[in-house]
Amino acid sequence: MLVGQASLRGLVPLIGLGALLTAALLYWIVGEPAFAAGFGAALIGAAFLAFYLRKLFPAAPVVHGEMPDWTIARAAADSSNVAIAVTDRAGRLVCASDLFGKWFEGYPTPPSLPLDGNGAEKLATAGRAAWRDGAGRISGLAKGALRVDVEITRTGRSEDYLLWRFTPVKQANIIDDYMKLLLGEAGRQFTDAGIMGVLIGGEGRIRAANPAFLLRATGRHDATITGRDFASFMRVDNKGRVFFAREERNAIPIRLLQIPVRRDRQDGPMLLLMLDEQAGGGDGGNALSYIETLLSLLPFGLAMADRDGRFLFYNEAFARAAGVREDEKPSYPGDLVVREDQAAVADSIRRYAVGQQLSGDVAVRMRAQPDEPIALSLAGVRGLGEAAVLLSLKDNSEESKLKRQVAQATKMQAIGQLAGGVAHDFNNILTAIIGHCDLMMMRHTPGDSDYDDIQQIKGNSNRAASLTRQLLAFSRQQTLRPQILQLPDVISEVSNLLRRLMGDTVTLEVSHGRNLGAVRADPGQLEQVIVNLAVNARDAMPDGGKLLIQTFAVTAGQVREMRTEFLPVGDYTALRVTDTGTGIPPEILGKIFEPFFTTKEVGKGTGLGLSTVYGIVKQSGGFIFADSEPGKGTSFTIYMPVYSAPAPTPAAKAKAPDKKSELWGTGTILLVEDEDMVRSVAERALTRQGYKVLTANDGEEALEVLARGDEIDLMISDVVMPNMDGPTMVRQAREARPELPVLFMSGYAEEQLRKSIDIANVHFLPKPFSVTQLAEAARDALGNG
């Protein structure tokens, strides 16, 4: 409800009438007319004073049932250097900063922004995650030249709004590089050489200039001319010669060299380098020598060619970017590119050497790097004698290296996800095969005609299961059983096996350092790592050699001295495996950890060995590096973080049950599995052990079984199922039965599942499993073990 000035004006007559009645009442009681009249006048005056104060200081209107006032939020957003938007539950844009509207015309809602690639889809996914989790983040979204990182936060008094923050990603700016060039040490060197340099924007205004230009243009080397029109300092005579405007008499004409800053814009910023026409006697050839001296100082890859396309000059940056060897003297730019691109380069040079002074790019593949096309920029130049074309080539070796690393990481992640998914599905099949083999072997005894065949099927299935474990290890989804251990103990356990594997031609040496810290890892998986590395070393020494296995401590100070960006600072226990074999060529060294990559002959290796090693080490929190030199051997070094907690006293191993009757049990088990073959073999196995088994195809059907009120002693469920997955089903089931024991069975890693499944008091059984392993897991989950 609103209370305004109009309502107060309506109260004035009522206040006056009330004052008269009060005065009459006082006169009747007291009998003094002066006292009654004074009191009434005071009352009327107080009412008018209150009205006047309300008019001077009006109260803010109170509005009920309207949207919040976003004025303050918008003002705060406009004062920052980030674009901000706010959306409500319905996805409507309720507030946005001016910068958001500048970047995205028409103020679209964030999930529908016109972003490059699938950026809008990524943004919508992050928004849904923010509604669910309270926050979301996505990096590297692009809209043309704009690159932004986005942070999404659920906010508001009832958390019914999303706050979207678009932060620009600072990118390397070549204009800044040119400005540093003119204003830094290089600019002073240009001045000493008599070379004038100025950077102008596309609008023709000066952005930076070196002291030599300032002195000639203004008469002072410390003058401030930033932002002024470049043309105001120059003049052109009727012969087309260029002079400084302030030099009227005995003026010396200027020779200009124009270098476009941006290849994609001919009217964009420009770097102008100037020399006196009389430098070197006014001869174009001598002026060219000055230009060559200038180009040799620039940190950009630049070269010059004549009208016939022959090289006149190129600086070191150009040679480095083009991959020119020190003993190589190319005559033509086409000599630096692959054969298919030579004609295009020669034609471009002829085109820019004649006619108007234009510039442009041509995509070429350098002979030194034929798989990575790069842009060769060309610009026609005039007045430099034989020089007709200026060529520039960016040294993007580091950028290409980073691109290859990102592409490799993306590929490895995709292959890891594929391997994990294939292994998960394959584990379901192996679970059914191994389970049926166990059931058949219960009906046969050794010596039966079918017993050996069944045993062979089960043995091959176990071999296939080891292959899936390798896939899961590579994708870091393997179930590990970490323990606190010492690396020398693991090596001593496997050393006898290694000596048999190495044979008589390879000498095995083991040495251990002092003060080794304990590590936390799965001893069985570490043994697999050592065996894989040793077998690869043996194959690399066909004529024999020496295999050295070392352990040593690495302190945090030593890690700092390494100055590596991959190894975090901390204390490590290192394991190094070194051979004296043939070594690994540099072009192959970067691929050795890829899955299915092998240099062995067909049938001699799967290419999963080193990828499995890499996956186990990374999943255990360690790091692995390979160093090799062809002909001198290879060394693999594994860094395992030192476990800070004290090592517990090793417990005595529990004796294995010696009677099959101990696996028998009683009670009702609800089995939830979407794979028919796995559900069938698990049901039969549990029934044979004495349990009553109820089955369900998915989570929804399992909840219906629980709703019937049957007494359920244990729930065994798959994790990944259609419609409703296992964790969601268990959370709903625990609402009605909080003490219900749960056994999850899955082909994914237990550690990974425990991180993603926030449910207490659950057990895990990795696939594939045998009938005995299923019975033991059910017994342990029921607390009967």
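Residues numbered from 1 in each chain as written. Predicted model: local features only at pLDDT ≥ 70, side-chain atom pairs only at ≥ 80, totals over all residues. Heavy atoms only, no water.

### Focus on the overall build of the protein
Argument step 1. Looking only at helices and strands, the protein has 23 helices and 28 strands in total.
Argument step 2. Classification of the 785 residues of the protein by burial places 42% in the buried group.
Argument step 3. Taking contacts inside the protein between residues at least 6 apart in sequence as the whole, the part at least 24 apart equals 59%.
Argument step 4. Carbon and sulfur atoms make up 53% of the accessible area of the protein, which totals about 43200 Å². (Helix = DSSP H or I, 4+ residues; strand = E, 2+ residues; numbered from the N terminus. Buried < 20%, exposed > 50% of the residue type's maximum accessible area, 1.4 Å probe, protein only. Contact = heavy atoms within 4.5 Å. Areas by Shrake-Rupley, 256 points an atom, 1.4 Å probe, with all protein chains shown as cover.)

### Considering the environment of Gly101
Argument step 1. Secondary-structure assignment places Gly101 in helix 4 (residues 98-103).
Argument step 2. Sequence-wise, Gly101 and Ala85 are 16 residues apart; in three dimensions their C-alpha atoms are separated by 9.5 Å.

### So, the sheet that holds strand 3 (residues 135-143)
Argument step 1. Ordered in space as 2-1-5-4-3, the five strands form an open sheet in which the pairing is antiparallel. Strands with a single pairing partner mark the edges of an open sheet, and in this sheet they are strand 2 (93-96) and strand 3. Averaged over all adjacent pairs, the angle separating strand axes in this sheet is 20°, with direction ignored.
Argument step 2. The pairing of strand 1 (residues 83-88) with strand 5 (residues 161-168) spans six bridges and is classified as antiparallel. Opposite Val86, over in strand 5, you have Leu163 as the bridge partner.
Argument step 3. Of the strands in this sheet, strand 1, strand 3, strand 4 (146-155) and strand 5 are in contact with helix 5 (residues 119-133), which crosses strand 3 at around 170°. (Pairing = 2+ DSSP bridges. Axes fitted to C-alpha atoms, helices over the stretch in contact; angles between N-to-C directions.)

### Focus: the confidence of the model for the protein
Argument step 1. Mean pLDDT over the protein works out to 76, with 72% of the residues at or above the 70 mark.
Argument step 2. Of all secondary-structure elements in the protein, the lowest mean pLDDT belongs to helix 1 (residues 5-30), at 55, while strand 21 (residues 572-579) reaches the highest, 93.
Argument step 3. In the model, residues 1-8 has pLDDT below 50 throughout and makes 12 contacts with residues more than four positions away in sequence or in other chains.
Argument step 4. Residue range residues 649-661 is modelled with pLDDT below 50. Its contacts to residues more than four positions away, or to other chains, number two contacts. (pLDDT = per-residue confidence, 0-100.)

### Section: helix 14 (residues 487-502)
Argument step 1. Along helix 14, the sharpest change in direction is near 45° and occurs at Ser495.
Argument step 2. Turning to helix 14, its buried residues are Leu487, Pro488, Val490, Ile491, Val494, Ser495, Leu498 and Met502.
Argument step 3. For helix 14, the secondary structure elements touched by its buried residues are strand 17 (483-485), strand 18 (506-512), strand 19 (519-521), helix 15 (523-539), strand 20 (545-554) and strand 21.
Argument step 4. At the exit of helix 14 stands Gly503, carrying a positive phi of roughly 80°. (Bend = angle between axes of the 7 residues up to and from the residue.)

### Considerations on the sheet that holds strand 27 (residues 742-746)
Argument step 1. One open sheet accounts for five strands, arranged 25-24-26-27-28; its pairing is parallel. Each edge of the open sheet is held by one strand with a lone partner, namely strand 25 (692-696) and strand 28 (762-766). The average angle at which neighbouring strand axes cross in this sheet is 20°, direction not considered.
Argument step 2. Across four bridges, the pairing between strand 26 (residues 714-718) and strand 27 is parallel. The residue of strand 27 that forms the bridge with Met715 is Val742.

### Some words on unusual backbone geometry
Argument step 1. For Tyr107, which is not glycine, the phi torsion reads 50° and is therefore positive.
Argument step 2. Examined against the element boundaries, Tyr107 turns out to sit in the loop between helix 4 and helix 5.
Argument step 3. Residue class for Tyr107 comes out partly exposed when judged on its relative accessible area of 34%.
Argument step 4. Within the chain, Asn723 stands out as a residue other than glycine whose phi angle is a positive 70°.

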